[in-house]
Amino acid sequence: MAEKRFTSPSGVVTDAAVTADYESAAPFDTALVGALGVYYRDGFKTKFVPYSSMERAFIRVQEVNGRLCCGSAVFTYFRLILVVNGKEWGDIMSENEQAMDDALAAIAQRSPSTAIGFVK
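For the structure given in this document, a descriptive report is provided here. (Residues numbered from 1 in each chain as written. Predicted model: local features only at pLDDT ≥ 70, side-chain atom pairs only at ≥ 80, totals over all residues. Heavy atoms only, no water.)

## Some words on unusual backbone geometry
Of note, the phi angle at Asp29 is positive, near 60°, even though the residue is not glycine. Within the element layout of this structure, Asp29 appears in the loop between β3 (26-28) and β4 (31-33). On the basis of relative accessible area, Asp29 is assigned to the partly exposed category, the value being 48%. The backbone of Asn85 shows a phi angle near 55°, a positive value even though the residue is not glycine. Considering the arrangement of structural elements, one finds Asn85 in the loop between β8 (71-84) and β9 (87-94). (Helix = DSSP H or I, 4+ residues; strand = E, 2+ residues; numbered from the N terminus. Buried < 20%, exposed > 50% of the residue type's maximum accessible area, 1.4 Å probe, protein only.)

## Digging into the pairing of strand β7 (residues 54-68)
Two strands pair when backbone bridges link them, and β7 and β8 are joined in this way by 14 bridges, in the antiparallel orientation. Across the sheet, the residue bridging to Arg67 is Ser72, located in β8. Linkage of β7 to β8, two consecutive antiparallel strands, is achieved through a turn of two residues. One ladder, built from two bridges, connects β7 with strand β10 (residues 115-116); its direction is parallel. Counted as the bridge partner of Ala57 is Ile116 from β10. (Pairing = 2+ DSSP bridges.)

## What about the pairing of β9?
Two elements, β8 and β9, share seven bridges in a ladder whose sense is antiparallel. Note on β9: the bridge partner recorded for Leu82 is Gly90. Hairpin connection of β8 to β9: two residues between the antiparallel strands, including Asn85 at a positive phi of 55°.

## Regarding the sheet that holds β9
Spatial ordering of the open sheet is given by β9-β8-β7-β10, a layout of four strands whose pairing is mixed. The open sheet terminates on both sides in strands that have one partner only, identified here as β9 and β10.

Rendered as structure tokens:
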């Protein structure tokens, strides 16, 4: 079987070890957290952010005010942001707050060198 293609901050990755890690990664709604890094879908691409290049990971809460025919409602989205080279490279959106919190905790456990949460 051919290796899967992943888009990473350093370019396209086609490696059997990364493919095996992707297949065994723990799912947290729209994010997959593996032993080598974090995987997620972005359009037709599968993106891979290795722990070696990840500087920081945090959750951004986004509220959207929706105007409906009968009033208004607030929708809340939770975004797992992955910072690489000082820029927000990964943006994984979900409506499930607990899944994003669990994904962030799994990243903190597997990559102790990654700064988690707010950093001054």
